[in-house]
Amino acid sequence: MKALVIGSGAREHALGERLRQERWRVACAPGNAGIARRFPCLPLRLDDPAAAVALARAEEPDLVVVGPEAPLVAGLADRLAAGGFAVFGPTAAAARIEGSKAFAKEVMAEAGVPTAAHATFDQPDAARAHARSLGGRVVVKADGLAGGKGVAVCANVEEAEAAIDAALVRGELGEAGRRLVLEERLEGRELSLMALCDGRSYVLLPPCQDYKRALDGDRGPNTGGMGAVSPPLVSPAPLGPLAEATIAPVVARLADLGTPFRGTLYAGLMLTAAGPRVLEYNCRFGDPETQVLVERIDGFLGEAMLAAARGSLAGSRLGARPGAAAGVVVCARGYPGAPRLGDPLLGIDAAEAVAPLRFAGVGGAPERPVTAGGRVVTVVGHGPDLPAAVALAYRAAALVSFPGARFRGDIGR
Ligand code: AMP
Ligand code: GLY
């Protein structure tokens with residue numbers, strides 16, 4: 001079997017490695033110079049669906065896997081499916097569950113999914129007044145896609161007004177932030193729950209915990225993700241009922257709307273004292289969660305993804321391997337702001353001898369890689385328990401070297 005994995009991050013690298021372990025032939029497009037050390041990477045612009053269809057025609061994969069949200073929201077899966085390919089990833093209509101936070105809130109309300117109280121605004125005065133009425137303890141979210149940077153968790157009125165003005169007055173989040181969702185700020189532990197979906201049924205994957213803030217102790221700005229562990233540090237409530245409350249109703253609702261969801265549905269949950277609440281849905285595998293997830297899934301992931309793409313997932317099963325995995329993201333100075341780029345990426349052979357590396361912001365040539373993005377590489381430790389996995393990940397992360405390399409020191413600790 002052959003898979004074409006579309007995307008250029010550590011998530012796509014990790015999926016490709018897993019499929020290879022399951023004896024698939026794998027090509028990645030566009031991939032990056034780090035992934036190209038492991039399997040073929042083919043040029044592709046992620047915003048050029050016609051080129052993706054042409055590439056698929058040339059490669060003749062049994063399955064096309066679309067990793068990132070932006071091309072899914074823009075309709076890449078629709079185009080590939082129309083070209084006759086089995087595609088893992090939702091249509092544009094179903095991907096709105098991530099592409100519009102306001103739409104996601106509507107679906108949650110209709111489906112009876114517990115979530116934070118919210119209101120939607122496109123006028124700054126009304127948004128400010130709402131934030132003040134809540135004492136400033138609000139979460140200000142861009143409606144559209146903002147690469148993990150469209151959320152401000154505010155502690156007071158000043159912070160909330162600053163976030164509102166940045167988006168609605170100064171337009172700093174572009175079109176994505178022309179409309180804002182203001183949510184009540186919740187407290188609790190977070191959990192990432194992902195399931196493969198075929199439009200009607202779903203198969204739950206092992207739970208993960210990710211670390212979104214830039215700095216140790218969950219301080220600093222939100223990022224795309226600085227690390228992940230599976231299983232989570234503190235075991236959550238029984239997963240079956242949690243998935244029945246948060247995944248199943250959305251799969252059913254999207255099917256009822258005539259836009260069945262095929263691909264990975266990701267629920268970002270907060271486990272509050274009053275019960276679980278959904279913070280967001282993603283229409284794809286999480287990053288960096290996938291880097292740890294693929295170390296823990298028991299069974300044939302590739303076959304299950306193909307079944308999901310074909311709408312025949314019912315009866316498939318995937319389990320969780322014993323043990324634990326921890327992913328530490330090594331990022332470039334400046335991330336999540338504009339990162340410093342173009343530095344030689346050294347020490348990767350030594351690091352890979354300790355733990356697998358999953359490459360993201362890597363350019364240059366495979367034999368002379370350089371930094372080319374904020375999140376450069378996820379180092380993945382895997383062991384009999386979380387402390388062992390974490391120790392391996394940190395031993396390897398310390399060997400990756402470039403000027404300004406930085407990672408959180410408290411992943412899984
Ligand atoms: P999201 O992209 O919606 O998952 O938000 C990113 C991060 O912001 C989440 O992982 C949480 O850490 C935080 N967050 C989002 N919504 C809330 C909320 N209602 N209350 C508290 N924290 C939140
Ligand atoms: N790690 C969170 C995400 O992929 O959105």
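Refer to the preceding data block for the structure.
Attention in this report is confined to the structure presented alongside it. On a predicted model such as this, the values are computed, not experimentally measured, just so you know.

1. Some points on the site of ligand 2
Surveying the vicinity of ligand 2 reveals the residues Asp210, Lys212, Gly224, Tyr266, Asn282, Arg284, Gly286, Asp287, Pro288 and Glu289. Measuring from a nitrogen atom of ligand 2, one finds a side-chain N or O atom of Asp210 at 2.7 Å. Side-chain polar atom of Asn282 to an oxygen atom of ligand 2: 3.0 Å apart, as the coordinates give it. A total of 200 Å² of accessible area belongs to ligand 2 in isolation, and the protein chains cover 91% of it. Considered class by class, the residues forming the shell around ligand 2 number two nonpolar, three polar and five charged.

2. Re the environment of Ala405
Here Ala405 lies in the segment after helix 14 (386-397). Among the residues examined, Ala405 registers a relative accessible area of 33% and is labelled partly exposed. Separated by 140 residues in the primary sequence, Ala405 and Leu265 place their C-alpha atoms 32 Å from one another. Contacts of Ala405, omitting those with residues within four sequence positions, involve Val330 and Cys331.

3. Side note on the sheet that holds strand 4 (residues 87-88)
Reading across from one edge, 2-1-3-4 is the order of the four strands in this open sheet, with parallel pairing throughout. Looking at strand neighbours, the two that pair on one side only are strand 2 (25-30) and strand 4, the edges of this open sheet. Of the strands in this sheet, strand 1 (2-7), strand 2 and strand 3 (63-66) are in contact with helix 1 (residues 10-21), which crosses strand 1 at around 170°. Contacting strand 3 and strand 4, helix 12 (residues 301-310) crosses the sheet at an angle of about 90° to strand 3.

4. Side note on the site of ligand 1
If you check the shell around ligand 1, you find 16 residues, and the closest are Lys141, Glu183, Leu186, Glu190 and Glu280. One nitrogen or oxygen atom from the side chain of Lys212 is found 3.0 Å from an oxygen atom belonging to ligand 1. Take Glu280: an N or O atom from its side chain is 2.9 Å from an oxygen atom of ligand 1. For ligand 1, whose free accessible area comes to 470 Å², the fraction covered by protein is 92%. Among the elements of the structure, strand 6 (138-142), strand 7 (151-153), strand 8 (180-184) and strand 16 (275-282) are those that each provide at least two residues to the shell around ligand 1. For the shell around ligand 1, the per-class residue count stands at seven nonpolar, one polar and eight charged.

5. Some thoughts on helix 2 (residues 49-59)
If you check which residues of helix 2 are buried, you get Ala52, Val53, Leu55 and Ala56. End-on view of helix 2: buried residues confined to an arc of 160°, all on one side of the axis. Summarising the geometry of helix 2, the exposed residues directed more than 90 degrees from the buried face are Arg57 and Ala58. Immediately downstream of helix 2, the backbone of Glu60 shows phi near 50°, a positive value.

6. A look at the side chain of Arg128
Structurally, Arg128 is set in helix 7 (residues 124-133). Classification of Arg128 as buried rests on a relative accessible area of 18%. Among the polar contacts listed, one links the side chain of Arg128 to the side chain of Asp125, at a separation of 2.7 Å. Apart from residues no more than four positions distant in its own chain, Arg128 is found in contact with Glu161, Ile164, Asp165 and Val169.

7. Some words on the sheet that holds strand 11 (residues 209-210)
Sheet architecture is open: five strands sit in the order 11-14-19-23-20, paired in antiparallel fashion. Since the sheet does not close on itself, it has two edges, and those belong to strand 11 and strand 20 (357-359), each with one partner. Sheet topology places strand 11 next to strand 14 (residues 227-230); two bridges connect them, and they run antiparallel. By the bridge assignment, Asp210 is partnered in strand 14 with Ala228. Relative to the sheet, helix 11 (residues 289-296) contacts strand 11, strand 14, strand 19 (324-331), strand 20 and strand 23 (375-383), its axis offset from that of strand 19 by approximately 155°.

8. Details of the nonpolar core
Ranked by internal contacts, the top residues of the largest apolar core, which has 44 residues, are Leu4, Leu80, Ile97, Leu265 and Tyr281. Excluding its chain neighbours within four sequence positions, the residues that come into contact with Leu265 are Ile97, Leu193, Met194, Ala195, Cys197, Ile247, Val250, Val251, Tyr281 and Asn282. In this structure, Ile35, Leu205, Tyr266 and Met305 belong to the second largest nonpolar core, which totals 37 residues.

Conventions adopted
Residues numbered from 1 in each chain as written. Chains lettered and ligands numbered in written order. Predicted model: local features only at pLDDT ≥ 70, side-chain atom pairs only at ≥ 80, totals over all residues. Heavy atoms only, no water. Near = heavy atom within 4 Å. Polar contact = N/O pair within 3.5 Å; in protein donor to acceptor, adjacent residues only side chain to side chain. Areas by Shrake-Rupley, 256 points an atom, 1.4 Å probe, with all protein chains shown as cover. Nonpolar A, V, L, I, M, F, W, Y, C, P; charged D, E, K, R; others polar. Helix = DSSP H or I, 4+ residues; strand = E, 2+ residues; numbered from the N terminus. Buried < 20%, exposed > 50% of the residue type's maximum accessible area, 1.4 Å probe, protein only. Contact = heavy atoms within 4.5 Å. Pairing = 2+ DSSP bridges. Axes fitted to C-alpha atoms, helices over the stretch in contact; angles between N-to-C directions. Arc of directions from axis to C-beta. Core = buried A, V, L, I, M, F, W, Y, C linked by side-chain atoms within 4.5 Å.

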